[in-house]
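The residues making up each chain are set out below.
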Amino acid sequence: MKHWILSICFLISVNTVNGCGGWYPFSDVIRFSIFSPLLFDDGGMSEFYFSSRNSSELYEHTFKSDRNVDDWFNVCEQKVKKNLVFEAIYQLSALGIVDEESDHIFVKKMMELGKEDHLQYLAFAKKNSYLNNAYEDSWERGYKELKHKRSHAIQDAEHYAELTEDKTLKRRYAFVAIRLAFYNGDHLQINRLYDNYFAGTTELTIDYWAKYYQLHTVDSPVIRNFTLAQLFDKTPTKRPGLYLMFNRDVEMNDVLKFATTNKEKANVLFMYTLRKTDRQLSNIRRIYELNPDHVLLPFLIVREVNKLEHWVMSTKYTAFAPILRPGYDYRSSNQALINSAIEE
């Protein structure tokens, strides 16, 4: 026992304690915030909360953020709760979705309504969902085989699209084909399918999803920026991908030349304002003047409030300087504008 006591005393005598701690917060570890952007999020904006990180919060796919669920909710004549619709279309297996003895309320209701053809479509989409991957393995050894399988699935999807007389099912099968063509890197086929089945359609969520995949074939960064700006508020599940395609090096005025309505102009201005870390109140005011009913305008406003909280309140109540501060060039932020924001 005496030896243990001596050992402990020795260790204590040589251990150096740093009273200052040597710790400084990084990123958003400490930040003063009262107004939660979650209250102004329609389900697809979590990655765009004000933050020093490239992506604030991971996107969570739920029945509340997926407007495709709303479409299927209407297909079952609104007789099944949306969370169960979500469960059926995304979580049931290809066999389970057409099982006549299924206990799932969505499957039972669809059969009661005589909509087995819609269930057959879901089974087809689920059966081929494993093909929606860029590569089969990390060494790309199975890529040719995977591409061959996709080509056959595309042919099947087009065949079923031609067989059905239901106009929405035609587009649903065609959408499966477009998505598979996207993973095959076949831009010609994507454009052919889009022109044949989706040109001018805006009724269903898949109409916008099809446009999302077709947008990858557009070479002009100006046209691509304009088009994705018009899609952004309509496709919550595709917003992260749309923003990745957005080219911030393209001049906004060049994109605005393609806008023919105030709503289109507001959508373009929104995209150029969304991820800015400096003051954007003037742009928010312009968006309001162009389209006071812009669905994501409240989100931009609370994001602006979060900036002020960070610049002013965080310093006062945490004794630490803001992360996005003068001299800090994370993500090449415009320091002159940040200086101005803090001073004002």
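Residues numbered from 1 in each chain as written. Predicted model: local features only at pLDDT ≥ 70, side-chain atom pairs only at ≥ 80, totals over all residues. Heavy atoms only, no water.

Engineer: Would you take a moment to explain the overall build of the protein chain for this structure?
Structural biologist: Broken down by element type, the protein chain carries 16 helices and zero strands. Out of the 344 residues in the protein chain, the part that is buried amounts to 45%. Taking the contacts inside the protein chain whose residues are at least 6 apart along the sequence as the reference set, 61% of them involve residues at least 24 apart. When the accessible area of the protein chain is evaluated, it comes to approximately 19400 Å², of which 54% is carbon and sulfur surface. (Helix = DSSP H or I, 4+ residues; strand = E, 2+ residues; numbered from the N terminus. Buried < 20%, exposed > 50% of the residue type's maximum accessible area, 1.4 Å probe, protein only. Contact = heavy atoms within 4.5 Å. Areas by Shrake-Rupley, 256 points an atom, 1.4 Å probe, with all protein chains shown as cover.)

Engineer: What exactly am I supposed to notice about the packing of helix α9 (residues 205-215) against helix α10 (residues 221-231) here?
Structural biologist: In a packed pair of helices, the relevant descriptors are the angle between the two axes and the axis-to-axis distance. At a closest axis distance of 11 Å, the pairing of α9 and α10 adopts a crossing angle of 160°. Judged by the inter-axis angle, α9 sits roughly antiparallel to α10. The two elements α9 and α10 meet at a crossing, and its hand is left-handed. In contact with Tyr208, Lys211, Tyr212 and Leu215 of α9, α10 contributes Arg224, Thr227, Leu228 and Leu231. Within the contact of α9 with α10, the residues separate by chemical class into five nonpolar, one polar and two charged. (Axes fitted to C-alpha atoms, helices over the stretch in contact; angles between N-to-C directions. Parallel < 35°, antiparallel > 145°, perpendicular 65-115°, else oblique. Left-handed = near helix turned anticlockwise from the far one by under 90°. Nonpolar A, V, L, I, M, F, W, Y, C, P; charged D, E, K, R; others polar.)

Engineer: Would you mind going over the side chain of Arg275 with me for this structure?
Structural biologist: Following the sequence through the fold, Arg275 ends up in the loop between α13 (262-274) and α14 (281-290). The charged side chain of Arg275 is buried without a salt bridge, its nearest counter-charge being Glu47 at 4.8 Å. Side-chain polar atoms of Arg275 contact the backbone oxygen of Glu47, separated by 3.0 Å. (Lys, Arg positive; Asp, Glu negative; His and termini not counted. Salt bridge = Lys/Arg side-chain N within 4 Å of Asp/Glu carboxyl O. Polar contact = N/O pair within 3.5 Å; in protein donor to acceptor, adjacent residues only side chain to side chain.)

Engineer: Hey, could you run me through the packing of aromatic side chains in this one?
Structural biologist: The relative placement of two aromatic rings is captured by the distance of their centres and the angle of their planes. Going through the model one piece at a time under the given rule, you end up with 20 aromatic pairs. An aromatic cluster is built from Phe48, Phe232, Tyr243, Phe246, Phe270 and Tyr272, whose rings are joined through pairwise contacts. For Arg275, the ring lying beneath its charged end belongs to Tyr243, and the centroid distance is 4.9 Å. (Phe/Tyr/Trp six-rings, centres within 6.5 Å; stacked < 30°, edge-to-face > 60°. Lys NZ or Arg CZ within 6 Å of the ring centre and 35° of its normal.)

Engineer: What am I meant to see in the environment of Asp233 here?
Structural biologist: One can find Asp233 in the loop between α10 and α11 (239-245). Asp233 sits in the buried class, given a relative accessible area of 16%. With residues near it in sequence (within four places) discarded, Asp233 still touches Arg67, Arg239, Val295 and Leu296.

Engineer: It is not clear to me how α14 should be interpreted in this structure. Could you clarify?
Structural biologist: Count 3.6 residues to each turn of an α-helix, and residues three or four apart come out pointing the same way. Listing the buried residues of α14 in full gives Asn283, Ile284 and Ile287. End-on view of α14: buried residues confined to an arc of 100°, all on one side of the axis. Elements that come into contact with the buried residues of α14 comprise α13 and α15 (297-318). (Arc of directions from axis to C-beta.)

Engineer: Any chance you could explain unusual backbone geometry here in plain terms?
Structural biologist: Outside of glycine, negative phi angles account for most residues, and trans bonds account for most peptide bonds. For Glu77, which is not a glycine, the phi torsion comes out positive at approximately 60°. Relative to the elements of secondary structure, Glu77 occurs in the loop between α2 (67-75) and α3 (82-91). With a phi angle near 60°, Gln78 is a residue other than glycine that sits in the positive phi range. With respect to the helices and strands, the residue Gln78 is situated in the loop between α2 and α3.

Engineer: What should I look at first to understand the confidence of the model for the protein chain in this one?
Structural biologist: Parts of the prediction with low pLDDT should not have their coordinates interpreted in detail. Averaged over all residues, the pLDDT of the protein chain equals 85, while 78% of them reach at least 70. Model confidence for the protein chain, summarised as mean pLDDT per element, is weakest for helix α1 (residues 2-14) at 49 and strongest for helix α5 (residues 116-127) at 98. Across residues 10-19, where pLDDT falls below 50, the model places zero contacts with residues more than four positions away in sequence or in other chains. Scored below 50 in pLDDT, residues 326-335 shows 22 contacts in the model against residues more than four places distant or in partner chains. (pLDDT = per-residue confidence, 0-100.)

Engineer: Would you mind going over the environment of Thr205 with me for this structure?
Structural biologist: Within the element layout of this structure, Thr205 appears in helix α9. Judged by its relative accessible area of 7%, Thr205 falls in the buried class. With 134 residues separating them along the chain, Thr205 and Asp71 place their C-alpha atoms 7.2 Å apart. Not counting residues up to four positions away in its chain, the partners in contact with Thr205 are Arg67, Asn68 and Asp71. A polar side-chain atom of Thr205 sits 3.5 Å from the main-chain amide nitrogen of Asn68.

Engineer: What's the story with α9 in this structure? I'm lost.
Structural biologist: For α9, a buried count of ten out of eleven residues is recorded, marking the element as mostly surrounded by other parts of the structure. Within α9, the full set of buried residues consists of Thr205, Ile206, Asp207, Tyr208, Trp209, Ala210, Tyr212, Tyr213, Gln214 and Leu215. In this structure, the buried side of α9 is in contact with α2, α3, α7 (167-183), α8 (187-197), α10 and α11.

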